[in-house]
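# Per-entry structural report
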Amino acid sequence: QSVLTQPPSASGTPGQRVTISCSGSSSNIGSNFVNWYQQLPGTAPKVLIHSSNQRPSGVPDRFSGSKSGTSASLAISGLQSDDEADYYCTTWDDSLNGPVFGGGTKLTVL
Amino acid sequence: EVQLVQSGAEVKKPGESLRISCKGSGYSFTNYWISWVRQMPGKGLEWMGRIDPSDSYSKYSPSFQGHVTISADKSISTAYLQWSSLKASDTAIYYCAINTGLTQISSYFDYWGQGTLVTVSS
């Protein structure tokens, strides 16, 4: 059971916009930045969004993040087949004094 | 260029001991904590713990406390994750990761090792 809750799966057709939610509590999302990772099959995770809504250089602006209260979301617009991957939200947890991850969402591009 | 290079895949039997490594290069090794992250087959990411290479202080997730040991040798810029008695349930890919940002109090890991697959089977 992950500390952060994500839907196990999401899907969309090319060109569509999809959102992935991430729910936590006051000790984690409620008081810290959220980061999002993309993991392609057989590879290490890669930062997609940091500080809740900031994109590292090289990440397309089709990807955006937001946070409100104890929840966060990742939005992907203009869906492409290359976006098929697992997506994880993560944040610092003040009670654990360490990072916590969501269970991951498998995105399928139909 | 910052790089984290991990040791190769391992196949072990239950009860055996194991130490895997993560060598940092391209940065000052003592500047950033090194975290270890587990990914069991077909499952998500789990933070196991981290070490501050400057003083070797380690912090563990309660889920992994007492089951693994994290250490580092700053003279060779290498961090380690070790088990004294492996179980089949330790079968997973293990990643090391660092955060080169302004604060270490973060879940932001901008550099990852390539992962080490550990298989424990009789």
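The structure we're discussing is the one just above.
Residues numbered from 1 in each chain as written. Chains lettered and ligands numbered in written order. Predicted model: local features only at pLDDT ≥ 70, side-chain atom pairs only at ≥ 80, totals over all residues. Heavy atoms only, no water.

When helices and strands are tallied, chain B shows zero helices and eleven strands. When its helices and strands are written in sequence order, chain B yields β-β-β-β-β-β-β-β-β-β-β. Against the globule reference of 14 Å for 122 residues, chain B gives a C-alpha radius of gyration of 14 Å, in line with a compact fold. Referenced to the eigenvectors of the C-alpha coordinate spread, the extents of chain B come out at roughly 45 × 25 × 25 Å. For chain B, the residues scored as buried account for 51% of the 122 residues in total. Sequence separation of at least 24 residues holds for 54% of the intrachain contacts in chain B that already meet a minimum separation of 6. (Helix = DSSP H or I, 4+ residues; strand = E, 2+ residues; numbered from the N terminus. Rg over C-alpha atoms; globule rule 2.2 N^0.38 Å. Buried < 20%, exposed > 50% of the residue type's maximum accessible area, 1.4 Å probe, protein only. Contact = heavy atoms within 4.5 Å.)

The subject of this paragraph is the state of the cysteines. Residues and elements named next belong to chain A. Evaluated as defined, the whole model comprises two disulfides over all chains. Through a disulfide, C22 is tied to C89; the S-S separation comes to 2.0 Å. Sign of the S-S torsion, about 75° for the bond between C22 and C89, identifies this disulfide as right-handed. Of this pair, C22 sits in strand 2 (residues 18–23) while C89 sits in strand 7 (residues 85–93), and the two are 67 residues apart along the sequence. We note that C22, like C89, is buried. (Disulfide = S-S within 2.5 Å.)

Turning our eyes to something else, we now look at the sheet that holds strand 6 (residues 71–76) of chain A. Residue and element names in this part refer to chain A. Pairing within the open sheet is antiparallel, and its three strands lie in the order 2-6-5. Each end of this open sheet is capped by a strand with a single partner; those strands are strand 2 and strand 5 (63–68). Averaged over all adjacent pairs, the angle separating strand axes in this sheet is 20°, with direction ignored. The pairing of strand 5 with strand 6 spans six bridges and is antiparallel. For K67, the partnering residue across the bridge sits in strand 6 and is A72. (Pairing = 2+ DSSP bridges. Axes fitted to C-alpha atoms, helices over the stretch in contact; angles between N-to-C directions.)

What follows covers the environment of T103 of chain B. Residues and elements named next belong to chain B. Its location among the elements puts T103 in the loop between strand 9 (92–98) and strand 10 (111–112). What makes T103 partly exposed here is its relative accessible area of 41%. Taking C-alpha positions, T103 is 9.2 Å from Y32, a pair spaced 71 residues apart along the chain.

All names here are of chain A. Non-glycine residue S51 carries a positive phi angle of around 55°. Positionally, S51 belongs in the loop between strand 4 (46–49) and strand 5. Judged by its relative accessible area of 23%, S51 is partly exposed. A positive phi angle is found at N97, which is not glycine, with a value near 60°. With respect to the helices, strands and loops of the structure, N97 is situated in the loop between strand 7 and strand 8 (98–101).

Attention now goes to the interface of chain B and chain A. At the junction of the two partners, chain B supplies 21 residues and chain A supplies 18 residues. Carbon and sulfur atoms supply 66% of the area buried between chain B and chain A, which totals about 1,600 Å² over both sides. Taken as a group, L45, W47 and S107 of chain B account for 37% of the area that chain B buries against chain A, more than any other trio of residues on that side. Viewed at the interface, chain A and chain B are joined by zero salt bridges. Applying the counting rule to chain B against chain A returns ten residue pairs in polar contact (both at pLDDT 80 or more). Counting residues per element, the ones that place at least two in the side of chain B that touches chain A are strand 4 (34–39) and strand 5 (45–52) of chain B. Top contributing element to the side of chain B that touches chain A by residue count: strand 5 of chain B, with three residues. (Buried area = accessible area lost by both parts, 1.4 Å probe. Salt bridge = Lys/Arg side-chain N within 4 Å of Asp/Glu carboxyl O. Polar contact = N/O pair within 3.5 Å; in protein donor to acceptor, adjacent residues only side chain to side chain.)

Considering all chains together, one arrives at two salt bridges over all chains under this definition. Residues E46 of chain B and R38 of chain B are paired through a salt bridge, measuring 3.0 Å at the closest nitrogen-oxygen approach.

Strand-to-strand pairing in sheets goes through backbone hydrogen bonds, with the strands running parallel or antiparallel. Residue and element names in this part refer to chain B. Within the open sheet, the four strands sit side by side as 1-3-8-7. Their pairing is antiparallel. The open sheet is flanked by strand 1 (3–6) and strand 7 (69–73), the only strands paired with a single partner. Strand after strand, the sheet turns through a mean of 20° between neighbouring axes, direction not considered. Where strand 7 and strand 8 (residues 78–83) come together, five bridges link them in antiparallel fashion. Its bridge partner lying in strand 8, A72 is registered against A79.

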